[in-house]
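Tertiary structure, described
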Amino acid sequence: MPELPEVEVSRQGLLPFIVGQQVAAAVVRTPRLRHAITPGLAERLIGLRVETIDRRGKYLLFDCASQQGGGWLVLHLGMSGSLRLVTAETPAGKHDHFDLSFGASVLRLRDPRRFGALVWHEGSDIERHPLLAVLGIEPLSASFDGDWLYAATRERRGPIKPLLMDSRLVVGIGNIYAAESLFRAGVSPRRAANRISLQRYRVLAEAIRSTLRKAIAAGGSSVRDYVHSDGGAGCFQLSCAVYGRAGEPCPTCGQAVRTLRQSGRSTFYCAHCQR
């Protein structure tokens, strides 16, 4: 599933080609993805100019709000979605559900599993949209640090790793990045969140920020379906210390990396280095 780094890489890749461009046409090929697509969406978009592309968690926000009849196009890649910039002559495939045309170039959404989202929000108050209003703190924001994380987990008795993946607390930290951040911080994924000290949370918060920044610099992680807007792949997964490496030697101590199931997801960790 594309997480914060993959969505941010997509955003950065699209900015030079789309910001300031006027929508010439739009095509919607399915009535719904994870949610019903706003009726008449294609007609609403024609003639609007994309002023910028923001990100909130794993949502891409196409800002057309300052124009008459404007608003925000809210897009989520779901589990298998990807955005590609193609030429207007490129035929649509079976899983290509949405086109945003700027004349010679087309932004195309491909989503085989249809778990993504494509909705329209009229007006400027995008943070109040129901999909965004429930989201937690941005881990790359100035507000996120060890002190915040410590205070937010005093009543949380569950293990820390699933908690890091809870978008109501912190957005965009998926399975790969939670595992790698905990390894870098030396924190066991099984440790109860309210049993981690302030000092260790400060180390963990910095590990989260560092891991996410390195993932963005590496173009994200391409484990299954994710590709960049130009068709390229991310390579962060090639440098993972523990994720996907069960049975292999830990790069720090040499003991075998272990795996367990937490909240239905595979967790990878070193029992010697992470306490």
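Structure: above.
In short, a report on the structure. (Residues numbered from 1 in each chain as written. Predicted model: local features only at pLDDT ≥ 70, side-chain atom pairs only at ≥ 80, totals over all residues. Heavy atoms only, no water.)

**Observations regarding the nonpolar core**
Note on soluble globular proteins: their nonpolar side chains tend to be buried together. Ranked by size, the top nonpolar core spans 35 residues in total, and within it Ile160, Leu204 and Ile208 carry the most contacts. Those elements that provide at least two residues to this core are helix H5 (160–164), helix H6 (175–185) and helix H7 (198–217). The contacts of Ile208, once residues within four sequence positions are left out, are Pro139, Phe144, Leu149, Leu164, Ile173 and Ser181. The next biggest cluster of nonpolar side chains, apart from the first, holds 27 residues, and it includes Leu48, Leu77, Leu107 and Trp120. (Core = buried A, V, L, I, M, F, W, Y, C linked by side-chain atoms within 4.5 Å. Buried < 20%, exposed > 50% of the residue type's maximum accessible area, 1.4 Å probe, protein only. Helix = DSSP H or I, 4+ residues; strand = E, 2+ residues; numbered from the N terminus. Contact = heavy atoms within 4.5 Å.)

**Examining the side chain of Ser80**
In this structure, Ser80 sits in the loop between strand E4 (71–76) and strand E5 (82–87). Among the polar contacts listed, one links the side chain of Ser80 to the side chain of Asp111, at a separation of 3.1 Å. Of note is the side chain of Ser80, whose polar atom sits 3.1 Å from the backbone nitrogen of Arg113. (Polar contact = N/O pair within 3.5 Å; in protein donor to acceptor, adjacent residues only side chain to side chain.)

**Regarding the pattern of salt bridges**
For the structure shown, the criterion picks out 14 salt bridges. Here Arg168 makes a salt bridge to Asp166, at a shortest N to O gap of 3.0 Å. Where Arg245 meets Glu248, a salt bridge forms, and the shortest distance between an N and an O atom there is 3.4 Å. Residue Glu248 is classed as partly exposed on the basis of its relative accessible area of 35%. Sharing partners across several salt bridges, the network here consists of Glu8, Arg11, Arg55, Arg56, Glu127 and Glu138. (Salt bridge = Lys/Arg side-chain N within 4 Å of Asp/Glu carboxyl O.)

**Points about the sheet that holds strand E1 (residues 25–28)**
Within a sheet, each strand pairs with its neighbour through backbone hydrogen bonds, oriented either parallel or antiparallel. Strands sit in the order E1-E6-E7-E5 across an open sheet of 4 strands; the sheet is antiparallel. Of all the strands in the sheet, just E1 and E5 have a single pairing partner and so form its edges. Here the average twist between neighbouring strands, direction ignored, is 20°. Bridge analysis of E5 against strand E7 (residues 105–110) gives 6 bridges, and the strand direction is antiparallel. Bridge pairing in E7 links Leu85 to Leu107. Sheet strands touched by helix H1 (residues 4–18): E5 and E7. Its angle to E5, the strand with the most contacts, is close to 30°. (Pairing = 2+ DSSP bridges. Axes fitted to C-alpha atoms, helices over the stretch in contact; angles between N-to-C directions.)

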